[in-house]
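Examining the three-dimensional arrangement
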Amino acid sequence: MNISNSVANKEALTPLSVAISRYVQGLMSQRGIKYTELQSRLAAKGVHYSESNLRNKVTKFMLRADLFFFIVMEIKGDFNIDASLLQELAEAESGKRTL
């Protein structure tokens, strides 16, 4: 992949990455879950990240898809996400309706 494609991809995907991170932060806030508790819950399931590593992944928009799914399932108990909410967050971040 050439550099211009890489930059274009990052530009196109950033709004969704931000939306996903905000979604996770919102879930944690709604349910009163701190990163310490999330770290413990994930470790109990065999997924080992430090508390600070989890915080960085969420706040710096660096969640891999598998970790995102795992976090949401652990917080909610299922994976019924509100895709329209993610789309609204991404649109608000990008300022355009492209998703």
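Going by the structure above, here's the rest.
Read on for an overview of the structure. Every chain begins its residue count from 1, and numbering advances along the sequence as written. Thresholds applied to this predicted model are a pLDDT of at least 70 for local features of residues and 80 or more for the giving and counting of side-chain atom pairs; totals over whole chains, interfaces and linings are not thresholded and use all residues. Calculation of side-chain values draws on the structure's entire complement of heavy atoms; hydrogens and water are dropped beforehand.

**Quick word on helix 2 (residues 35-44)**
What sets the pattern is the α-helix's 3.6 residues per turn: residues three or four places apart point alike. So the rule is basically this: Type-normalised accessible area, obtained with a 1.4 Å probe on protein chains alone, sets the label of each residue: buried when under 20%, exposed when over 50%, and partly exposed for intermediate values. A helix here means a DSSP run of H or I that spans at least four residues, while a strand means a run of E at least two residues long, and both kinds are numbered starting from the N terminus. In this description, the arc belongs to the directions extending from the helix axis to the C-beta atoms. Any pair of residues with heavy atoms lying within 4.5 Å of one another is described as a contacting pair.
Those residues of helix 2 that fall on the buried side of the exposure criterion are Y35, L38 and L42. One face of helix 2 carries all of its buried residues, which in axial projection span an arc of 60 degrees. Next to the buried residues of helix 2 lie helix 1 (3-31), helix 3 (51-59) and helix 4 (65-76). Backbone geometry just downstream of helix 2 places G46 in the positive-phi region, at approximately 95 degrees.

**Notes on the pattern of salt bridges**
To keep things clear, this is the line we draw: The working definition used for a salt bridge is a side-chain nitrogen of Lys or Arg within 4 Å of a carboxyl oxygen of Asp or Glu.
Taken as a whole and assessed by the stated rule, the structure comprises three salt bridges. Among the salt bridges present, the one from E51 reaches R55, with a minimum N-O distance of 2.9 Å. Of this pair, E51 and R55 both sit in helix 3, four residues apart, roughly one helical turn. Put simply, D66 and R64 hold a salt bridge, and the shortest N to O gap is 2.4 Å.

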